[in-house]
Number of protein chains: 2
Amino acid sequence: VSGFVSLVGAGPGDPELLTVKAVRRLQEADLVLYDALVAPEAVALALHAQRFSVAKRAGRQSFAQDTIHRLMIRAARQGKRVVRLKGGDPFVFGRGGEEALALASAGVPFEVVPGITSAIAAAALAGVPVTHRGLATGFAVVSGHAEPAYASALDSLAPNSLTVVILMGLGSRRAVARRLLDRGWAAGTPAAIFFGASTPDAASWVGDLGRLGDANLPESNDAPGTIVIGSVVSLSAAIGRGAVPDVAVALAGVAR
Amino acid sequence: VSGFVSLVGAGPGDPELLTVKAVRRLQEADLVLYDALVAPEAVALALHAQRFSVAKRAGRQSFAQDTIHRLMIRAARQGKRVVRLKGGDPFVFGRGGEEALALASAGVPFEVVPGITSAIAAAALAGVPVTHRGLATGFAVVSGHAEPAYASALDSLAPNSLTVVILMGLGSRRAVARRLLDRGWAAGTPAAIFFGASTPDAASWVGDLGRLGDANLPESNDAPGTIVIGSVVSLSAAIGRGAVPDVAVALAGVAR
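Residues numbered from 1 in each chain as written. Chains lettered and ligands numbered in written order. Predicted model: local features only at pLDDT ≥ 70, side-chain atom pairs only at ≥ 80, totals over all residues. Heavy atoms only, no water.

Caption draft 1: Up close: the overall build of chain A. The helix and strand inventory of chain A stands at 10 helices and 12 strands. Here chain A, with 256 residues, has 57% of them falling under the buried criterion. Nonlocal contacts in chain A, meaning residues at least 24 apart in sequence, comprise 66% of its contacts between residues at least 6 apart. Within the structure as shown, chain A displays about 9,900 Å² of accessible surface, and the carbon and sulfur contribution to it stands at 52%. (Helix = DSSP H or I, 4+ residues; strand = E, 2+ residues; numbered from the N terminus. Buried < 20%, exposed > 50% of the residue type's maximum accessible area, 1.4 Å probe, protein only. Contact = heavy atoms within 4.5 Å. Areas by Shrake-Rupley, 256 points an atom, 1.4 Å probe, with all protein chains shown as cover.)

Following this line, the structure appears as C-alpha cells:
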C-alpha cells in the first residue's frame with residue numbers, strides 16, 4: 001500500500017475559488033505542505049491533517065526545494081495522502097514541474113489539481129479580460145521574479161502586440177517598464193497592477209506603461225501583485241464600474 | 001430589487017474542477033445560459049433554474065451574441081439570478097468581455113467567477129507544466145479560431161521562445177505549424193495536442209512542430225483540443241508516466 005501526493009492549486013486567495021477537487025483532497029489529507037500565499041481558510045479545510053508551512057518569500061528561502069521533495073516522498077511512502085498546496089496554479093511558475101519530476105522519479109504516485117491562476121483572475125476580477133475582440137488576440141504570461149528570465153521573455157514579444165501579464169513583478173516593475181519602452185512599446189499603453197486579487201485587501205493601480213515604473217504600491221503591501229500591460233486594461237473603466245466586488249451585498253437584495 | 005448576472009467559468013470539463021463559488025452560484029440560480037462545451041453534470045447542479053443552451057460550435061452560430069446579451073439583461077431586470085456558464089474561463093477567448101460590457105452599459109449588476117482554463121490545465125493534467133526552470137520563462141496563449149487573429153498573435157512571438165498554447169486550433173493546426181516553421185521555429189520543437197482534458201475521453205498526441213500539421217485526430221472527435229508547442233512538452237514522458245490519471249483507483253489502495 002502506497003501513499004499519494006496531490007499537487008494542488010489554491011487559486012488567488014478567496015477560498016471560494018478553490019476547486020471542488022481541491023477541497024476534497026484537503027478534507028481527505030493526512031499531511032498538507034503549504035506555501036505562504038495560500039489563504040489560512042484553505043489550509044483549515046484539512047481537518048484531519050498535519051499542516052506544515054514550507055513558505056518561501058522573496059529571497060528568504062525557508063525550505064530548500066529538495067527538502068520539500070523529501071518531505072513529500074517520505075510521507076507518501078509511509079502511506080499518507082499528501083497535499084502540496086500552492087498559491088494559484090501549481091504549474092504556473094510554481095515549481096510544480098520540479099516537484100512532479102521528483103515524485104515521478106521516486107516512483108510515488110501523484111496527480112495535478114489545477115488552480116485558478118492570478119495571471120488571468122487578478123485582471124478578470126477587476127473587470128479586465130486578458131483577451132478581447134479587437135483589442136488582444138492573445139496574451140503572454142511572464143515571471144518578473146528574476147532578471148535573466150523576464151528579460152528574455154519580454155524580449156521575445158513584438159512591441160505593442162499581445163497582452164502582457166507579469167506575475168511576481170512588483171519589485172522589478174521599473175526595470176520591466178524600462179525594458180518594454182526601450183524595445184518600442186508605446187508609453188501610452190494602458191497598464192495596471194492588481195493587488196491581493198480576490199481577497200478583502202484587493203486594490204489596483206491603473207495607468208499606463210510610461211508611469212508603471214513610478215506606480216505607488218499600497219503602504220503595507222504583503223499582498224502579491226499582478227501587472228497587466230495592454231489595451232485591454234482600458235476596459236477596466238467600463239467593465240469594472242459595473243462589476244460588483246462583493247457579491248454577497250448584491251445578492252442580499254435579490255428576490256428569489 | 002434587481003437581479004444579478006454571474007459570468008461563470010466551468011473549467012475544462014470535469015465537474016470537480018468547478019470552483020466552490022461556481023457550484024454555489026449554480027445551486028442558487030434562477031436561469032442558466034450555457035455553452036456547448038460545458039459538462040452536463042455542471043449544468044445539472046442548477047436544480048432550481050431554468051436551463052438554456054446557447055451553444056455556438058465551429059461556425060454554426062445558434063445564438064447571436066446580441067441575443068445572449070438581451071436574454072441576460074431581461075432576466076436580471078425581472079429580478080432573476082442569472083448564471084452565464086462558459087467552458088474554461090469566461091475571459092479567455094470566451095467573449096466574456098463583450099458580455100460584461102453589455103451588462104455594465106445596461107446597468108445590470110454582475111460579477112466574474114473565474115474558471116480553470118484549458119490553456120494551462122490541459123497540459124498540466126497530462127504532466128506538462130507550461131513554465132519550467134531552464135525550459136520556459138513564460139507562455140503565450142493564442143486562439144486558433146480565426147486566421148487574421150492567430151496570424152498576428154503568432155507573428156508577435158520570437159521564434160523558439162515562450163511556450164505557445166493554442167486554443168480552438170485543431171482545424172487550423174496545419175496553418176499554425178506552417179506559419180511558425182516559416183518564421184524560424186525549429187521543426188524539432190516538441191509539440192502536443194491534448195484532447196478532452198479532464199474528461200473520460202482524454203487523449204493526447206505528442207510529437208514535434210514538424211509533424212504537428214499531419215497529426216491524426218481521434219476518430220469521433222467532438223472533444224476540444226489544446227495545442228502546446230515548446231520544450232516543456234518533453235517533460236510529458238517523465239512526468240506524465242508518474243501522474244495517475246484516475247485518482248479514484250489510486251486512492252482505493254491508500255490506507256488512512
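Further notes follow.
Caption draft 2: Broad picture of the nonpolar core. Grouped together as the largest cluster of nonpolar side chains are 46 residues, with contacts concentrated most on Ile229(A) and Ile229(B). Those residues in contact with Ile229(B), other than ones at most four positions away along the chain, are Leu162(B), Thr163(B), Val164(B), Ile166(B), Leu180(B), Thr189(B), Pro190(B), Ala191(B), Leu209(B) and Leu212(B). (Core = buried A, V, L, I, M, F, W, Y, C linked by side-chain atoms within 4.5 Å.)

Caption draft 3: Quick look at the pairing of strand E8 (residues 138-143) of chain A. Burial runs high along E8(A): six of the six residues are buried. Note that E8(A) and strand E8 (residues 138-143) of chain B share five bridges and pair antiparallel. Within E8(B), the residue paired with Phe139(A) across the bridge is Val141(B). (Pairing = 2+ DSSP bridges.)

Caption draft 4: The sheet that holds strand E7 (residues 110-113) of chain B, seen in detail. All names here are of chain B. Strand order in the open sheet made by the five strands is E3-E2-E6-E1-E7, with parallel pairing throughout. Edge strands, defined here as strands with exactly one partner in the open sheet, are strand E3 (50-53) and E7. Taken over all neighbouring pairs, the strand axes of this sheet differ in orientation by 15 degrees on average, direction set aside. Summarising the sheet, strand E2 (residues 31-34) and E3 pair through four bridges and their orientation is parallel. If you follow Leu31 over to E3, its bridge partner there is Gln50. Helix-sheet contacts for helix H4 (residues 96-106) involve strand E1 (4-9), strand E6 (81-86) and E7, and the interaxial angle to E1 is about 170 degrees. (Axes fitted to C-alpha atoms, helices over the stretch in contact; angles between N-to-C directions.)

Caption draft 5: Spotlight on helix H3 (residues 65-77) of chain A. Residues and elements named next belong to chain A. Compared with the 18 Å implied by 1.5 Å per residue over 13 residues, the 19 Å span of H3 between its first and last C-alpha is a close match. When we look at burial in H3, the residues that qualify are Gln65, Ile68, His69, Leu71, Met72, Ile73, Ala75 and Ala76. Positive phi appears at Gly79, one or two residues downstream of H3, with a value of about 90 degrees. (Expected span 1.5 Å × (residues − 1).)

Caption draft 6: Spatial organisation of the confidence of the model for chain A. All names here are of chain A. Of all residues in chain A, 89% have pLDDT values of 70 or greater, and the mean over the chain is 90. Overall, residues 246-256 carries pLDDT values under 50, and its contacts beyond four positions in sequence, including any with other chains, amount to 25 contacts. As a predicted assembly, this complex carries a pTM of 0.93 together with an ipTM value of 0.92. (pLDDT = per-residue confidence, 0-100.)

Caption draft 7: Structural view of the sheet that holds strand E11 (residues 203-208) of chain B. What the 10 strands build is an open sheet, ordered E11(A)-E10(A)-E12(A)-E9(A)-E8(A)-E8(B)-E9(B)-E12(B)-E10(B)-E11(B); its pairing is mixed. Pairing within the sheet leaves two strands with one partner each, and these edge strands are strand E11 (203-208) of chain A together with E11 of chain B. Between one strand axis and the next, the sheet turns through 15 degrees on average, direction left out of account. Where E8(A) and strand E9 (residues 163-167) of chain A come together, five bridges link them in parallel fashion. Looking across to E9(A), one finds that Val141(A) is bridged to Val165(A). Along the sheet face, helix H6 (residues 147-155) of chain B touches E8 and strand E9 (163-167) of chain B and points at about 165 degrees away from the line of E8(B).

Caption draft 8: View of the interface of chain B and chain A. Listed by partner, the interface residues are 78 residues for chain B and 78 residues for chain A. With both chains or domains summed, chain B and chain A bury close to 6,400 Å², and 66% of this area falls on carbon and sulfur atoms. Remark: the boundary between chain B and chain A carries six salt bridges. Between Arg24(B) and Glu16(A) there is a salt bridge, with the nearest N and O atoms lying 2.3 Å from each other. Where chain B touches chain A, the interface holds 18 residue pairs in polar contact (both at pLDDT 80 or more). Residue composition of the side of chain B that touches chain A, grouped by class: 45 nonpolar, 19 polar and 14 charged. (Buried area = accessible area lost by both parts, 1.4 Å probe. Salt bridge = Lys/Arg side-chain N within 4 Å of Asp/Glu carboxyl O. Polar contact = N/O pair within 3.5 Å; in protein donor to acceptor, adjacent residues only side chain to side chain. Nonpolar A, V, L, I, M, F, W, Y, C, P; charged D, E, K, R; others polar.)

Caption draft 9: Just the side chain of Thr189(B), in detail. Residue and element names in this part refer to chain B. Along the chain, Thr189 turns up in the loop between helix H7 (173-182) and strand E10 (190-195). The buried category is assigned to Thr189, whose relative accessible area is 10%. Separated by 2.7 Å, the side chain of Thr189 and the backbone oxygen of Ala186 make a polar contact.

Caption draft 10: Local environment of the relation of the copies chain B and chain A. Structural alignment of chain B on chain A gives an RMSD of 0.0 Å, achieved by rotating through 180 degrees and translating 0.0 Å along the axis. Look at the turn and shift together and you get a two-fold axis relating the two. Comparing contact sets, 100% of the residues at the interface of chain B also lie at the interface in chain A, consistent with an isologous, same-surface contact. (Least-squares fit on C-alpha atoms with pLDDT ≥ 70 in both.)

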